[in-house]
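# Commentary on secondary and tertiary structure
Here is how the chains run, residue by residue.
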Amino acid sequence: LYMQSANVEWWKKEIDRLKNIVPDGYDKMAKQLADRLLGYIGIISYTYCKQGVMQNNFGVAKNLLEIYRYAEPENAEACFLSARAYAENNLKNEAKEFLKCALKNKMDDTGRIERDNSLREFLADPAIAGLMHQ
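A short tour of the structure in this document, coming up. Only a predicted model underlies this, so the values are computations on that prediction, with no experimental measurement involved. (Residues numbered from 1 in each chain as written. Predicted model: local features only at pLDDT ≥ 70, side-chain atom pairs only at ≥ 80, totals over all residues. Heavy atoms only, no water.)

### Description of the nonpolar core
Side chains of nonpolar character tend, in soluble globular proteins, to be buried together. One finds Leu65, Leu99, Ile113, Leu119 and Phe122 to be the most contacted residues of the largest nonpolar core, which totals 28 residues. Going through the elements one at a time, α3 (28-54), α4 (58-71), α5 (76-88), α6 (92-104) and α8 (126-132) are the ones with two or more residues in this core. The biggest single contributor to this core is α5, with 9 residues. (Core = buried A, V, L, I, M, F, W, Y, C linked by side-chain atoms within 4.5 Å. Buried < 20%, exposed > 50% of the residue type's maximum accessible area, 1.4 Å probe, protein only. Helix = DSSP H or I, 4+ residues; strand = E, 2+ residues; numbered from the N terminus.)

Set out below in structure tokens:
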């Protein structure tokens, strides 16, 4: 899969290019196509990120998660999967920040945090607890 082996910076440039397409008076379809491609990048990122996280393949998941978060910066799931991946690889500070990101981005099912063995320890953190109960 090209997405897994590609340079993250290349993907960021492509995502920026798609996000910055401005429709002119004649060609709204270019903007619609760009929006669809961005949506597709988000879906593909989610699919492969989830797979990488579930298989605890941090080397692959890390880059895919970065692309996913960049494509959809307000997506709680991108932050949640990042928190899981980083926690499972003992990168606690990063995991905690990604967990905060998920909660700030209005994660719907906070019970997933309570049920996740790698994230449960963060529930005692006052900042996380405060976000959980908003």
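### Structural notes on the packing of α3 against α5
Two elements in contact, α3 and α5, have axes whose closest approach is 10 Å; the angle formed by their N-to-C orientations is 20°. Here α3 is positioned roughly parallel relative to α5, judged by the angle of their axes. The element α3 and its partner α5 pack so that their crossing is left-handed. Facing Tyr46, Cys49, Lys50, Val53 and Met54 of α3, the residues of α5 in contact are Glu77, Leu81, Arg84, Ala85 and Glu88. Grouping the constituent residues of the contact of α3 with α5 by class yields 6 nonpolar, no polar and 4 charged. (Axes fitted to C-alpha atoms, helices over the stretch in contact; angles between N-to-C directions. Parallel < 35°, antiparallel > 145°, perpendicular 65-115°, else oblique. Left-handed = near helix turned anticlockwise from the far one by under 90°. Contact = heavy atoms within 4.5 Å. Nonpolar A, V, L, I, M, F, W, Y, C, P; charged D, E, K, R; others polar.)

### Digging into the pattern of salt bridges
Per the counting criterion, the structure on display carries 11 salt bridges. In this structure, the salt-bridge partner of Lys12 is Glu66, at a minimum N-O distance of 2.8 Å. In this pair, Lys12 sits in helix α2 (residues 8-19) while Glu66 sits in helix α4, placing the two residues 54 residues apart along the sequence. Of the residues examined, Lys12 reaches a relative accessible area of 17% and is grouped as buried. Where Asp116 meets Arg84, a salt bridge forms, and the shortest distance between an N and an O atom there is 2.6 Å. Placement of the pair is Asp116 in the loop between α7 (111-115) and α8 and Arg84 in helix α5, with a sequence separation of 32 residues. Like Arg84, Asp116 is buried. Look at the salt bridges and you will find they share partners, linking Glu9, Lys12 and Glu66 into a network. (Salt bridge = Lys/Arg side-chain N within 4 Å of Asp/Glu carboxyl O.)

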